[in-house]
Amino acid sequence: MAYEAVIGLECHIQLRTRTKMFCECPAEFGAAANSNVCPVCLGLPGALPVTNKAAIDYALRLGLALQCEIRGESVFARKNYFYPDMPKNYQITQYDRPLCDGGALPVRIEGVDRSFTLTRIHVEEDTGKSFHPEKLGDRRISRVDFNRAGVPLLEMVTEPVFHAPAECAAFLTSLRRLVRWLDISDADMEKGHLRCDANVSIRPVGATKLGTKTELKNLNSIKGVERGIAAEIQRQTALLDSGGRVEQATLLYDADHDKLAVMRSKEHAHDYRYFPEPDLPLLRVSETWVSEARAGLPELPWELESRFVSGFGLPPYDAAVLSQDCGLADYFEKVAGLASAKAASNWVMGEALGRMNARGWTLQEWERRVTAVSLGELVRRVENKELTGPLAKQALDAMADEGVDAVTVLERPEYQVRGGADELLPLVRAVIEEHPGPVAQYRGGKAATIGFLVGQVMKKSGGQAVPQVVKELLEKELVGKS
Ligand SMILES: [Zn+2]
């Protein structure tokens, strides 16, 4: 039988605030174990939480970018369960009255603009982290680091709107770009800044009733999300095809072995006994606060991407690459301020990104050496034929490796263009002399042969001649003497 998959996602976004959600401890990653803790995040009796305003600012930024409805009064709630990495035995989260309702994330999939509907976004605190260090030689020993306990998280829940694993991967890619763009999270999945669980069910094609869903946890990369969901769809399909049925369960995906393991079945489902957090007041977000947050939003990545196409006339592919990162988009716009947009795009996407990757540099490291103004100047000179492409590429290497600006580098003798007829004519004549075959072909009407001859002259000039000038000289010589 043919089935259709129905998938919903739950994403956790770790916010990049300076301090934790309800205390003053630093929220940084990578500190010595249990060094960023206090009575509040250790859950000691009598300690009282205080809401971190910056975390709410970040939540508003995301909610407004996604057109969510912002609730003026939302409620923190206790989610009760026991786990060694959670010293209070409850997590402060939001339950029936979250900060953001609805909304949608725009995602471009294979050139088509799609939009995936959200159920909600709420604010909560993270738990600590358990370790099971095998090298202690005794696997019964577990250790807990509470540095992460109380770090602010946003939980984003989508409607069951996905039908293919690739859609989920594209959604996460778009979400990762957005939260980095809004400067609210590093969204590094490997470090757990962005985590994703998926609810997966299948139903016969054409059916409207949803099948029994399973929950897939431990999806810690975008590839892992795509593969894990695909494996679960395959597992459910095989079950139904063999006359079995899908049991409600939580599964873990092991990305290294591409395998699913059932973690717990429905009988062990939790009853979290939510109730409003008595130690915190209602979270009140005034209209002024919302309008300030709205006014502070940057141009959003999908808005900028379509402006690059409509305003700059870039191909959609270029616009997509350049709008992956707001720093890169900004760098491109500055280069495009000094040269044509298409040339700027070629140089940023091809030459600059290529050199960054080859050297293992971030954009920041690159920009310290090759500023947008400097690259713009280089591209402008190529466009004005003051510099040839091959020379400009060599000059860019020198600029990057030495950290010297374009104007200074281009003063060096090796980057001077040889454009004068008196300099180039001997080279042109030598090439005509050395290649009688192609010369005869050209004179016989095969105009394209000129390209070969231009190439030969360029070689002789060490890349310093301007191809257009060489071509004109060659044409004059060849016509003049036929
Ligand atoms: Zn603390």
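The structure we're discussing is the one just above.
A short tour of the structure in this document, coming up. Source: prediction; values computed, not measured.

The rules behind these values
Residues numbered from 1 in each chain as written. Predicted model: local features only at pLDDT ≥ 70, side-chain atom pairs only at ≥ 80, totals over all residues. Heavy atoms only, no water. Helix = DSSP H or I, 4+ residues; strand = E, 2+ residues; numbered from the N terminus. Buried < 20%, exposed > 50% of the residue type's maximum accessible area, 1.4 Å probe, protein only. Donors = N, O, S within 2.8 Å, 3.2 Å for Na, K, Ca; no water. Tetrahedral: all angles 85-135°; square planar, octahedral: opposite > 155°, others 65-115°. Pairing = 2+ DSSP bridges. Right-handed = clockwise from strand over helix to strand, strands pointing away. Axes fitted to C-alpha atoms, helices over the stretch in contact; angles between N-to-C directions. Parallel < 35°, antiparallel > 145°, perpendicular 65-115°, else oblique. Left-handed = near helix turned anticlockwise from the far one by under 90°. Contact = heavy atoms within 4.5 Å. Nonpolar A, V, L, I, M, F, W, Y, C, P; charged D, E, K, R; others polar. Core = buried A, V, L, I, M, F, W, Y, C linked by side-chain atoms within 4.5 Å. 1 Å grid on protein atoms, 1.4 Å probe; cavity = no way out; pocket = protein on both sides within 12 Å on 5 of 7 lines; lining within 4 Å. Points joined across faces, edges and corners; volume = space filled by probe spheres on them. Phe/Tyr/Trp six-rings, centres within 6.5 Å; stacked < 30°, edge-to-face > 60°. Lys NZ or Arg CZ within 6 Å of the ring centre and 35° of its normal. Polar contact = N/O pair within 3.5 Å; in protein donor to acceptor, adjacent residues only side chain to side chain. Expected span 1.5 Å × (residues − 1).

If you check the backbone angles, Asp-258 has positive phi at about 50° while not being a glycine. Locating Asp-258 in the fold gives a position in the loop between β14 (249-254) and β15 (259-265). Even without a glycine there, the phi angle at Lys-385 is positive, about 65°. Exposure remark for Lys-385: the relative accessible area of 45% places this residue in the partly exposed category.

The protein atoms that coordinate the zinc ion are Cys-23 (SG), Cys-25 (SG), Cys-38 (SG) and Cys-41 (SG), at distances of 2.3 Å. Around the zinc ion sit 4 donor atoms, and with donor-metal-donor angles ranging over 99 to 115° the site reads as tetrahedral. Read N to C, the donor residues that coordinate the zinc ion are spaced as C-x1-C-x12-C-x2-C. Overall, the relative accessible area of 7% leaves Cys-25 in the buried class.

On to the pairing of β14, then. With 3 bridges connecting them, strand β13 (residues 214-219) and β14 associate as parallel partners. Within β14, the residue paired with Glu-215 across the bridge is Thr-250. Handedness of the β13-helix α3 (residues 222-241)-β14 crossover: left-handed. Across 6 bridges, β14 lies against β15 in antiparallel orientation. Of the residues in β15, the one forming a bridge with Thr-250 is Arg-264.

Let's shift gears to the sheet that holds strand β16 (residues 275-276). Strand order in the open sheet made by the 3 strands is β5-β4-β16, with antiparallel pairing throughout. Taken across any chain shown, the strands that pair with only one partner, and hence form the sheet edges, are β5 (90-94) and β16. As paired elements, strand β4 (residues 76-80) and β16 share 2 bridges and run antiparallel to each other. The partner of Arg-78 across the bridge, within β16, is Phe-275.

Turning our eyes to something else, we now look at the packing of helix α1 (residues 53-65) against helix α4 (residues 287-295). At their nearest, the axes of α1 and α4 sit 9 Å apart, and the two run at 65° to each other. On the basis of the axis angle, α1 is roughly perpendicular to α4. By crossing handedness, the relation of α1 to α4 is classed as right-handed. In this structure, α1 uses Lys-53, Ile-56, Asp-57, Leu-60 and Leu-64 to contact α4, whose residues at the interface are Trp-289, Val-290, Ala-293 and Arg-294. For the contact of α1 with α4, the residue count by class is 6 nonpolar, no polar and 3 charged.

With 72 residues, the main nonpolar core has Ile-7, Leu-9, Ile-56, Leu-62, Phe-171, Leu-175 and Ile-229 as its most contacted residues. With residues up to four places along the chain from it excluded, the contact list for Leu-175 reads Cys-11, Ile-13, Leu-105, Met-156 and Leu-194. Phe-308, Trp-366, Leu-387 and Val-409 belong to the second largest nonpolar core, which has 43 residues in total.

We now examine empty space enclosed by the protein. Once rolled over the atoms, a probe with the size of a water molecule shows which space is left empty. A complete count under the given rule lists 2 cavities of 30 Å³ or more for this structure. Its volume calculated, the largest cavity comes out at about 70 Å³. Cys-41, Asp-85, Met-86, Pro-87, Lys-88, Tyr-90, Glu-125, Asp-126, Thr-127, Gly-128, Ala-149 and Gly-150 are the residues that line the largest cavity. Each residue belonging to the lining of the largest cavity can be placed in one class, and the counts come to 5 nonpolar, 3 polar and 4 charged. The computed volume of the second largest cavity comes to approximately 40 Å³. Along the walls of the second largest cavity sit Phe-22, Cys-23, Val-40, Cys-41, Lys-88, Glu-125 and Gly-150, which together make up its complete lining. Split by residue class, the lining of the second largest cavity holds 4 nonpolar, 1 polar and 2 charged.

Next up on the list: the packing of aromatic side chains. Counting across every chain of the model gives 11 aromatic pairs. Positioned over the ring face of Trp-361 is Arg-359, at 5.6 Å from the centre of the ring. Taking the ring centre of Trp-361 as reference, the NZ or CZ of Arg-369 above it sits at 4.1 Å.

Turning next to the side chain of Asp-126. Here Asp-126 shows up in the loop between β8 (112-125) and β9 (129-131). Among the residues examined, Asp-126 registers a relative accessible area of 5% and is labelled buried. A polar contact of 2.5 Å, which involves the side chain of Asp-126, links it to the side chain of Arg-195. Excluding residues within four positions of it along the chain, Asp-126 makes contact with Gln-14, Arg-148, Ala-149, Gly-150, Val-151, Leu-153 and Arg-195.

Okay, helix α11 (residues 389-402) next. For α11, with 14 residues, the first-to-last C-alpha span of 20 Å sits near the 20 Å given by 1.5 Å per residue. Those residues of α11 hidden inside the fold are in contact with α8 (341-359), α9 (363-369), α10 (372-383) and α12 (406-409). Capping the start of α11 is the job of one residue whose side-chain oxygen sits 3.3 Å from the backbone nitrogen of Leu-391: Thr-388. After α11 finishes, the residue Gly-403 shows a positive phi value of roughly 65°.

Before going further, it helps to spend a moment on the environment of Tyr-317. Locating Tyr-317 in the fold gives a position in helix α6 (residues 316-322). The exposure class assigned to Tyr-317 is exposed, which follows from its relative accessible area of 59%. It is 9.8 Å that separates the C-alpha atoms of Tyr-317 and Glu-305, two residues lying 12 residues apart in sequence.

For any two helices packed against each other, one specifies the crossing angle of their axes together with the interaxial distance. It is at 10 Å that the axes of α10 and α11 come closest, and there the two elements cross at 165°. For the element pair α10 / α11, the angle class is roughly antiparallel. When the axes of α10 and α11 are compared, the crossing they make is right-handed. Every residue of α11 that contacts α10 at Ser-374, Leu-375, Leu-378 and Val-382 is listed here: Gly-389, Ala-392, Ala-395, Leu-396 and Met-399. Of the residues in the contact of α10 with α11, the class split is 7 nonpolar, 2 polar and no charged.

By themselves these figures say nothing about function.
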